[in-house]
Structure formats: C-alpha cells, structure tokens
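Below, each chain spelled out in residue letters.
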Amino acid sequence: MNIDSGNNGRSGGRIEKTYVWHRGRKRRPSEYEELTQFYSTPAVPFLPTQKSHPAVSPLPWHYTATRIGPPDLERSRLQCEAWELFLDPNETHYSNYVAIQWEKERHVNEAQRDAELLQTEPTSRWVQFLRRFLPPLRYSKWSRVTALQYVIRFVPSSTVDAAVAFQAFDELRAVQRIIRRSIELQDRFGGFDDYRSAWLDGPEWQPAREYAERLNALRDWGEIIVACNLCLEALIEPLVEEVGRLAAANGDLATSIMLGSLLTDELRHRRWTDAFVKMLLESEEFGEANREVIREWLTLWYPRAVAVIRGIGPLIDGVAGSERRYAAFEDDLLGKQYPALLDRVGLSASLDPVAVG
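K.L.:
Go over the packing of aromatic side chains with me, naming the residues and quoting the values.
P.N.:
For the structure shown, the criterion picks out 19 aromatic pairs. Centre to centre, the rings of W83 and W221 are 5.3 Å apart; their planes meet at 70 degrees, and the pair counts as edge-to-face. Linking W83 in the loop between helix 2 (61-64) and helix 3 (94-117) with W221 in helix 8 (residues 221-249), this pair joins segments that are 138 residues apart in sequence. Judged on exposure class, the residue W83 and its partner W221 are both buried. Relative to F166, the ring of Y97 has its centre 4.8 Å away and its plane inclined at 35 degrees; by these criteria the two rings are tilted. One end of the pair, Y97, is in helix 3; the other, F166, is in helix 5 (residues 158-189), and 69 residues separate them in sequence.

K.L.:
Outline the pattern of salt bridges, supporting the account with residue identities and numerical values.
P.N.:
Taken as a whole and assessed by the stated rule, the structure comprises 26 salt bridges. For R188, the salt bridge is made with E121, and the minimal N-O distance between the two is 3.2 Å. On the criterion of sequence distance, the pair formed by R188 in helix 5 and E121 in the loop between helix 3 and helix 4 (124-154) is long-range, its members being 67 residues apart. Among the ionic pairs, E237 bridges to R144, the shortest N-O distance being 2.9 Å. Residue E237 is located in helix 8, and its partner R144 is located in helix 4; the two are separated by 93 residues in the primary sequence. In terms of burial, E237 and R144 fall into one category: buried.

K.L.:
How would you sum up unusual backbone geometry? Please name residues and give values.
P.N.:
The backbone of F38 sits at a positive phi, close to 65 degrees, despite the residue not being glycine. Mapped onto the fold, F38 is located in the loop between helix 1 (31-36) and helix 2. Take F38: its relative accessible area is 6%, and that puts it in the buried class. Positive phi outside glycine occurs at E91, with the angle close to 50 degrees. Relative to the elements of secondary structure, E91 occurs in the loop between helix 2 and helix 3.

K.L.:
Residue-level account of the nonpolar core, with values.
P.N.:
Membership of the largest hydrophobic core comes to 81 residues, with the highest contact counts inside it found for F276 and I294. Only helix 4, helix 5, helix 7 (206-215), helix 8, helix 9 (253-281), helix 10 (287-312) and helix 11 (326-345) provide two or more residues apiece to this core. Ranked by residue count, the leading element in this core is helix 8, at 17 residues. Apart from residues lying up to four places away in sequence, I294 is in contact with L78, V226, L230, V277, L280, L281 and L347.

Cut-offs used in this document
- All residue numbers refer to position in the chain's written sequence, counted from 1.
- Local features in this predicted model are restricted to residues of pLDDT 70 or higher, and side-chain atom pairs are both shown and tallied only at a pLDDT of 80 or more, whereas totals for entire chains, interfaces and linings draw on every residue.
- Side-chain metrics rest on all non-hydrogen atoms present in the structure, leaving aside hydrogens and water.
- Ring pairs shown here join Phe, Tyr and Trp side chains whose ring centres sit within 6.5 Å, with only the six-membered ring taken for Trp; geometry is labelled stacked below 30 degrees between planes, edge-to-face above 60, and tilted in between.
- Runs of E in the DSSP output that reach at least two residues are strands. Runs of H or I that reach at least four are helices, and both are numbered from the N terminus.
- Only protein chains enter the accessibility calculation, which uses a 1.4 Å probe; a residue whose area is less than 20% of its type maximum is buried, one above 50% is exposed, and one in between is partly exposed.
- For salt bridges, the criterion is a side-chain nitrogen of Lys or Arg within 4 Å of an Asp or Glu carboxyl oxygen.
- Within this scheme, the nonpolar core is defined by two criteria: the residues are buried Ala, Val, Leu, Ile, Met, Phe, Trp, Tyr or Cys, and they are joined through side-chain atoms within 4.5 Å.
- Two residues form a contact once any of their heavy atoms are found within 4.5 Å.

Quick look at the structure:
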C-alpha cells in the first residue's frame, strides 16, 4: 500500500490509498503514475499547487555524499510550471518494459533462426553494402546512450527521467543486436570486423561521428533531447527502416527482422518526445520562450542531422530492390515526413526543413 510519508500513512485517522501528491484527484492514478512520478525529483515545486516537494526529506545520499548536489532548474533553458505533469503516453515502467522487450528478443531470435534455416543467399552487392553500413552504426547508437545518461542525471522530473532511461536501454539493445548480427555476418562472409576504422576513417561516417561528439559535449539536457530525438533520430531512423526493407528484398531476412524489431523501440521514443514537446509549447507561462529555444536548437542541429544521412544514405544506391535512389528518399523524408513531424508537435512554423545547404 502506498502511504503519505509525512503523516505515517494516515490523513485524519484514515489510511492513505495513494501517495500524498495524488491526493484530491478525481481519478485513481494509474500504475504507471504511481510507480514513476516523484521517484527522483529534488525539493522544488513540480505540480501547480505545490510550493515545495510534497515528501519533505533529506537529500538522497548520492547527492550529499558526492557533494555535487541534486538536479536543478538551471541545467536547461527549457522551462515548465510543473515538470512532473509530463506523462509518457507509452506508460512505460520497469515491469512492462522488461516483459515487452523479453518478448521482442524471443521473437527476433526465433525469427532469425527460421530465416537461417531457409538458407537464403543475400546478393553480393548487398553484403558489400552491409559491410559499410551496419557495423559502424553501433557507434552512432552508443553515442545516444552516453548522451542520454547525462539527461538522466540532471533532468528535474521523474517522469521525463524514466522515458529517457528506457530509451537509453533501447539504444543499448540496438548496439548489442548490431554487434551480434555483425558477428554472424563475419562468420559467414567475412569483412565485418573492420567497424572501428570504418567509423573513424570512412568518409561516409564522418558527419555521424562529428554529430556524436558534439552531442556528447552538450551540457543542456533539453538540447540533448532536441538534438537526439527531434533531429538525429527523426532522420536516421527512417533511413534504417529503408535499409530493413532492402534487406528483405536482397534475401537477408535475419537483418530485416532485427532492424524491424529495433524500429518498434523508436516508435516509443517518437511518442514520448511528441508529448514532451507539446507540453513545453502549450505552457501558458513559458510556451513562447520554449518555442524560441527549440527553434534555435533545431536551426543548429537539423542541418547536422541532414549531413549525417547525406553521408551514409547514398550507400543504398545501386542495391537490388531499391526502386528509388537516395535522392528520392531524401526528398520524401525532408519534404514530407519531417515537416509532418514538426506539424504534429506544433512546430510547423519553426523551421523550413528543405532549406539546408
């Protein structure tokens, strides 16, 4: 049973059925809200009716022992009246996350075993492409893990913190899946073990490498979310989806299955990011200021994300099953899909997505 920690679990002699910060609500909080809200926030207001944290207690030991202090509201230029009002539309918490991901992993393993039993032979052109594309992708994914760790440390909201943490877990899953598939391809075809030099020296990967390094140098947790989710993932993941489709067309069902499963994680990232941005823009007090900040970040990071896909995207040209060349893919992505994304979150007037040199 949940209790009011400031009154020994009682209010007027009655046992509390939920936490004190949910008191007075017209509906019972969901399991996600019970488990996620206020698990990590510092002693500052996080709901409109509050003047201080409702569960007054000493700072957690890991703040006081390390002497680096709790998260604070100066870590980002983004502002909000009540950070804890953000709710992940996926309602992801640890138990359902583990269950969902376990089922995905089981499905991928079984499907890939079935695909291998079919003994389909990928085209030589496809294997050549995959050598240049797949193994170095792990580093782009890993750069998102490390950048999101900074957000987890300093974001002043348990609910945002949880959404970011599960996304970091997803990116780690992707890193390890890519490594596993690269090992399988190395055993079968060879040439998949030179991933480090491809990332460090391959000209097609240098924009992605620069993006990764710049992303991890940021110290505004809000800018990291925008650069990672509104810019990089919004452009590179549709390219990965295209590669997954081409994998199936080229007889590489195992890679197609793997990438398809990883993209289901990206859909969750898109949903919580959309909700987060909408909350910031709909703030009565800070909405316009947040819009200007996000617009500034988009202007900076969007062209860099375009450079990333323009570096690795043309690798798909000439691969069997590609009815359109990379240029046509880019036209659709930048001219239709990305503007639709901005419009969905209320940023349609914030950026001209085609005006990129």
